[in-house]
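# A closer look at the structure
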Number of protein chains: 2
Amino acid sequence: MLTEIITIGNELTEGRITDTNAKWLAGRFTAEGFAVARISSVRDKIEEVTTIISEAAGRSDTVILSGGLGPTSDDVTKASLCKLTGTKLVTDKKVLEHIRKMLKGRGLPMNENNRRQSEIPDGTRAIHNPLGTAPGIWLEYNGRVIVAMPGVPFELEHMTGSEVIPRLKERFGTTGYYSRTVMTSGSFEAMLAEILAGFEKELPPEVNLAYLPSPGVIKLHLSASAGTQNEAREMVDNQVDKLSREIPQYITAYDDEPLEMTVGRLLKESGKSLCTAESCTGGKISSMIVSVSGSSVYYKGGVVAYSNRLKTGLLGIDSAVLEKHGAVSRETAEEMAINACRITEADYSVAVTGIAGPDGGTPGKPVGTVCIAVNSPSGCISEIHRFGDNRERNILRASTAALNMLRKRLLF
Amino acid sequence: MLTEIITIGNELTEGRITDTNAKWLAGRFTAEGFAVARISSVRDKIEEVTTIISEAAGRSDTVILSGGLGPTSDDVTKASLCKLTGTKLVTDKKVLEHIRKMLKGRGLPMNENNRRQSEIPDGTRAIHNPLGTAPGIWLEYNGRVIVAMPGVPFELEHMTGSEVIPRLKERFGTTGYYSRTVMTSGSFEAMLAEILAGFEKELPPEVNLAYLPSPGVIKLHLSASAGTQNEAREMVDNQVDKLSREIPQYITAYDDEPLEMTVGRLLKESGKSLCTAESCTGGKISSMIVSVSGSSVYYKGGVVAYSNRLKTGLLGIDSAVLEKHGAVSRETAEEMAINACRITEADYSVAVTGIAGPDGGTPGKPVGTVCIAVNSPSGCISEIHRFGDNRERNILRASTAALNMLRKRLLF
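Residues numbered from 1 in each chain as written. Chains lettered and ligands numbered in written order. Predicted model: local features only at pLDDT ≥ 70, side-chain atom pairs only at ≥ 80, totals over all residues. Heavy atoms only, no water.

Quick look at the overall build of chain A now. Along the backbone of chain A there are 16 helices and 17 strands. Going through the 412 residues of chain A one by one, you find that 54% of them count as buried. Look at the contacts in chain A between residues 6 or more apart in sequence, and 67% of them connect residues 24 or more apart. With an accessible surface of roughly 17,200 Å², chain A has 49% of that area assigned to carbon and sulfur atoms. The averaged location of the 49 negative side-chain charges in chain A is 3 Å from the averaged location of its 47 positive side-chain charges. (Helix = DSSP H or I, 4+ residues; strand = E, 2+ residues; numbered from the N terminus. Buried < 20%, exposed > 50% of the residue type's maximum accessible area, 1.4 Å probe, protein only. Contact = heavy atoms within 4.5 Å. Areas by Shrake-Rupley, 256 points an atom, 1.4 Å probe, with all protein chains shown as cover. Lys, Arg positive; Asp, Glu negative; His and termini not counted. Charge placed at Lys NZ, Arg CZ, Asp CG, Glu CD.)

Moving on to the sheet that holds strand 3 (residues 62-66) of chain A. The strands making up a sheet associate through hydrogen bonds between their backbones, and the pairing can be parallel or antiparallel. Spatially, 12 strands are ordered 6(A)-7(A)-8(A)-3(A)-1(A)-2(A)-2(B)-1(B)-3(B)-8(B)-7(B)-6(B) in an open sheet, and the strand pairing comes out mixed. With partners counted over all chains shown, the strands left at the sheet margins are strand 6 (125-127) of chain A together with strand 6 (125-127) of chain B, one partner each. On average, each strand axis in the sheet is tilted by 20 degrees relative to the strand beside it, whichever way the strands run. One ladder, built from three bridges, connects strand 6 of chain B with strand 7 (residues 136-141) of chain B; its direction is antiparallel. Residue pairing in the sheet places B:Arg125 in a bridge with B:Trp138 of strand 7 of chain B. (Pairing = 2+ DSSP bridges. Axes fitted to C-alpha atoms, helices over the stretch in contact; angles between N-to-C directions.)

A few words on the relation of the copies chain B and chain A. For the match of chain B to chain A, the screw axis carries a shift of 0.5 Å, the RMSD comes to 0.6 Å, and the turn is 180 degrees. Taken together, the turn and the small shift mark the pair as related by a two-fold rotation axis. When the interface residues of chain B are mapped onto chain A, 100% of them are again interface residues, pointing to one common binding face. (Least-squares fit on C-alpha atoms with pLDDT ≥ 70 in both.)

A separate point is the interface of chain B and chain A. Contacts between chain B and chain A engage 60 residues on the former and 60 residues on the latter. At the surface where chain B touches chain A, the tally comes to six salt bridges. A salt bridge links A:Arg59 to B:Glu55; its shortest N-O distance comes to 3.6 Å. In this structure, the connection of chain B to chain A is made through 19 residue pairs in polar contact (both at pLDDT 80 or more). Broken down by element, the residue count for the side of chain B that touches chain A peaks at eight residues, all from strand 2 (residues 35-42) of chain B. The pairing of strand 2 (residues 35-42) of chain A with strand 2 of chain B spans five bridges and is classified as antiparallel. If you follow A:Ile39 over to strand 2 of chain B, its bridge partner there is B:Ser41. (Salt bridge = Lys/Arg side-chain N within 4 Å of Asp/Glu carboxyl O. Polar contact = N/O pair within 3.5 Å; in protein donor to acceptor, adjacent residues only side chain to side chain.)

Let us now look at the sheet that holds strand 12 (residues 251-254) of chain B. All names here are of chain B. Across the sheet, which stays open at both edges, the four strands sit in the order 10-11-9-12 with antiparallel pairing between neighbours. Edge positions in the open sheet fall to strand 10 (207-214) and strand 12, since each of these has one partner strand only. Strand-to-strand twist in this sheet, taken as the mean axis angle between neighbours without regard to direction, amounts to 25 degrees. One ladder, built from eight bridges, connects strand 10 with strand 11 (residues 217-226); its direction is antiparallel. In the sheet register, alanine 210 faces strand 11, and the bridge partner there is histidine 221. This element, helix 10 (residues 229-246), spans strand 9 (176-185), strand 10, strand 11 and strand 12 of the sheet and lies at about 20 degrees to strand 9. Across the sheet, helix 16 (residues 391-411) lies against strand 9, strand 11 and strand 12, angled at about 85 degrees from strand 12, the strand it touches most.

Ranked by internal contacts, the top residues of the largest apolar core, which has 62 residues, are A:Tyr299, A:Val352, A:Leu406, B:Tyr299, B:Val352 and B:Leu406. Discounting chain neighbours no more than four positions away, the residues touching B:Tyr299 are A:Val304, A:Tyr306, B:Leu274, B:Cys275, B:Thr276, B:Ser286, B:Ile289 and B:Val290. Within the second largest apolar cluster, 43 residues are counted, among which are A:Ala305, A:Ala337, A:Cys341 and B:Ile355. (Core = buried A, V, L, I, M, F, W, Y, C linked by side-chain atoms within 4.5 Å.)

According to the stated counting rule, one finds 40 salt bridges over all chains in the structure shown. Residue A:Glu97 is joined to A:Arg100 by a salt bridge in which the shortest nitrogen-to-oxygen separation is 3.6 Å. Here the residue A:Glu97 and the residue A:Arg100 both occupy positions in helix 5 (residues 93-105), the gap between them amounting to three residues, near one helical turn. When salt bridges with common partners are traced through the structure, they connect A:Glu4, A:Arg38, A:Arg59 and B:Glu55 into a single cluster.

Of note, A:Asn375 is situated in strand 16 (residues 369-376). Leave out the neighbours within four places in its chain, and A:Asn375 touches A:Ala337, A:Ile338, A:Cys341, A:Asp347, A:Tyr348, A:Ser349 and A:Cys380.

All names here are of chain A. Counted at 1.5 Å a residue, the expected span for helix 5 with its 13 residues is 18 Å, and the 18 Å between its end C-alpha atoms agrees. Residues of helix 5 that are buried: Val95, Leu96, His98, Ile99, Met102 and Leu103. When helix 5 is viewed along its axis, its buried side chains cluster within an angular range of 160 degrees and face the same direction. Residues Lys93, Lys94, Lys101, Lys104 and Gly105 are exposed on helix 5 and point more than 90 degrees away from its buried face. (Expected span 1.5 Å × (residues − 1). Arc of directions from axis to C-beta.)

Further remarks concern the packing of aromatic side chains. All names here are of chain A. Scanning the entire structure with this criterion turns up four aromatic pairs over all chains. Relative to phenylalanine 34, the ring of phenylalanine 29 lies with its centre 5.9 Å away and its plane at 45 degrees, an arrangement referred to as tilted. Phenylalanine 34 shares its class with phenylalanine 29; the two are buried. The aromatic ring of tryptophan 138 is capped on one face by arginine 167, whose charged end is 5.7 Å from the ring centroid. Taking the ring centre of phenylalanine 172 as reference, the NZ or CZ of arginine 171 above it sits at 4.8 Å. (Phe/Tyr/Trp six-rings, centres within 6.5 Å; stacked < 30°, edge-to-face > 60°. Lys NZ or Arg CZ within 6 Å of the ring centre and 35° of its normal.)

Residue and element names in this part refer to chain A. Over its 15 residues, helix 15 (residues 330-344) runs 21 Å from end to end, which matches the ideal 21 Å to within 8%, given 1.5 Å per residue. Taken residue by residue, helix 15 has Thr332, Ala333, Met336, Ala337, Asn339, Ala340, Cys341 and Thr344 as its buried positions. Where helix 15 ends, the next residue or the one after it, glutamate 345, has phi of about 60 degrees, a positive value.

Okay, the packing of helix 3 (residues 46-59) of chain B against helix 4 (residues 77-85) of chain B next. Residues and elements named next belong to chain B. Relative orientation of the contacting elements helix 3 and helix 4 amounts to 60 degrees, with a least axis distance of 9 Å. Here helix 3 is positioned oblique relative to helix 4, judged by the angle of their axes. The two elements helix 3 and helix 4 meet at a crossing, and its hand is right-handed. Residues Ile46, Glu47, Val49, Thr50, Ile53 and Ser54 of helix 3 form the contact with helix 4, whose own contacting residues are Ala79, Ser80, Leu81, Lys83 and Leu84. (Parallel < 35°, antiparallel > 145°, perpendicular 65-115°, else oblique. Left-handed = near helix turned anticlockwise from the far one by under 90°.)

Our focus in this paragraph is a nonpolar patch on the surface. A surface patch of nonpolar side chains, amounting to about 250 Å² of accessible area, comprises A:Leu131, A:Val152 and A:Phe154. Mapped onto the secondary structure, A:Phe154 falls in helix 7 (residues 153-172). (Patch = residues over 30% accessible without salt bridge, like charges linked within 9 Å, V, L, I, M, F, W, Y side chains within 5 Å.)

Further remarks concern the domain arrangement of chain A. All names here are of chain A. Assigned domains within chain A: domain 1 (2-172), domain 2 (176-254) and domain 3 (260-411). Each partner contributes to the interface: domain 2 provides nine residues, whereas domain 3 provides eight residues. Summing both sides of the interface, domain 2 and domain 3 together bury roughly 610 Å²; the carbon and sulfur share of this comes to 54%. Broken down residue by residue, the surface that domain 2 buries against domain 3 is led by Ser185, Pro215 and Thr252, which jointly contribute 63%. Counting across the interface, domain 2 meets domain 3 through zero salt bridges. On inspection of domain 2 and its partner domain 3, the count reaches zero residue pairs in polar contact (both at pLDDT 80 or more). Looking at the side of domain 2 that touches domain 3 residue by residue, the classes come out as four nonpolar, five polar and no charged. (Domains from an automatic or database assignment. Buried area = accessible area lost by both parts, 1.4 Å probe. Nonpolar A, V, L, I, M, F, W, Y, C, P; charged D, E, K, R; others polar.)

Right, let's talk about unusual backbone geometry for a bit. Cis geometry is found at the peptide bond from A:Gly357 to A:Pro358, where omega equals 0 degrees. Counting through the fold element by element, A:Pro358 comes out in the loop between strand 15 (348-354) and strand 16. In this structure, A:Asn142 takes a positive phi of about 50 degrees despite not being glycine. Secondary-structure assignment places A:Asn142 in the loop between strand 7 (136-141) and strand 8 (144-149). At B:Asp256, a position not held by glycine, the phi torsion is positive, near 65 degrees. With respect to the secondary-structure elements, B:Asp256 resides in the loop between strand 12 and helix 11 (259-270). Classification of B:Asp256 by relative accessible area gives partly exposed; the value is 37%.

So, in structure tokens, the structure goes:
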């Protein structure tokens, strides 16, 4: 079954917001085995929206629309569907009742705008939206299916999973598609591609490998299409097994688990605790750790020692060490890591000190120089890195490198 | 002049990456006064790429393509342009010379893949790419202009600004477009829309207002199209003046300046310093502050006191206060803020303690309860907030609320 996705709104064609709905829908439909042939974004103009829906329904089995279902004048999706099918809007009593209940729960009266949300084009079916007042719309059109969903991301995502995908599967069936994402850290794309050149050559034709690089982390996306999902799964799993023998030193996790979650899992499993001591990363590492629910079980906290004064004052770094080796040195990083464990009574610590840029570099220690130390019950280790000259990327790469060092220390 | 943007690649239609190139191009073309009618993404299939280019050139004056210009088999843009125009690839000697020089600079020999990058469809013009080896392509086609650019973001962005926009302006001329983004914090969308209902009604027809909400921050985007850019600018500036009288209490900055940058600017101007004491935000506030280049001038650092032990140990919070009022209380937040200033000798501090969720709530203090304190030379103030039940959003909303409190304290 071939799918097209159409997102509607001037905020998209004027580049004011990133089209995260289109990406999410494309990923979800692909994962469910529905190939996405095309994604489009159009302006809030009835004429243009009607045209693109009609074109898409001429090419593809299913057309998924997002946005333009609100009650205001720049919401044109329902009017476009009416124009396409030559019908008028009619009130759906079940939807009206749902809206009344939702508003009552919030202590609000029903106004004309709310009432208009219960109208759908005649001959279409409303799709229940438990999280909002705008229903989705299901339209059978010349043997194709057109689905319109609200643009609010969590409403759209919930409706896709609970209603739209199951109904489409019932309507069209699926072929087998399966994919896995292998997480790697500690290399860069060109290097990984060289190491994996032989592996890539030997891939069966049904299996596709894609590199998805971001600062410090490269995801390897393996996917396969086959007669059934089980067949596709077996093909992908075989290649993932092979990959785990080819590059064990770089793989941090399978199935898209971010590094901060991997580290959190390992700490939880071993019953150990963690603290941080950050200079140039400025709290990025701690905020990554804390983004994981339940991190309070293993994370005690830490210090952002951005100034040298806090390095000596709060972390108790010997000012002789700072003077002799400099704030950006393995010696300072190691003392930060060791003292952080002592002060917080945590089992493990990561410490980072470096020059994020764009200023502060010297010939001996250029912008991008970062020292990382990890302290653990079996001792303190440190590394020195030379990243690039972009501040944001340096902070991200230093943070992932530190979490990856900690991960290895927890494993080996 | 009507523009369409087409981005090419399976990684887009399979939802593996977000289409940041399309957003960037749409924003840039809109800002230059070229209306974008449609954005599309298609798979790496010659047939489908050729079809969509032909369709777009039938509707719009300019078609901008991104991606698919590399030397490997899944790069199909050049082949599609050849198919569209019925021509073959020919070597462009100037491009070949440029590639040779670039490789030499990196100490690399030229291989067959590199050489193939110098080939462009016969009858087209190469667009110089000083930052990479793949040239852009300029094609005049039935009175329309088709431009293909590499998908590497910084190459695409540089080529758009230095070559493509100037040439298109020469070719088509422009009408006047101007826009500004006013930053607000401390309200939510429905509330702001109600306050601004009268303002919106009185907007001249040429001026458009859009709300761009994110957790804790709502951007107001005002844009106008007119005969010249100066006319459009005057229309927008007049409305921004009016807005600054309507909602002075919510506006944090003009022209898209993030809150952490506004706060940094105010600290720099006043020669004051800042520190942080974070519990539930876990370093998010400090990492936002440190994301601004030059923040080491005013930011001393801080403590992530995630566990109660660190609140007493590192921040010296009186355990009687913790016991009497709880870790999540205005009293604890205020003591965190005051002690942080004392320990770090900073002039200002922000302190946050709360329940980010999904666990840890109680009937009296449900998930989303967050206490924020700001200490300054004129005393310590605090607020209690009730956000929602989503961890990520709670951390973001607490962080922006804290920075906004600090901003007001710096101003008034």
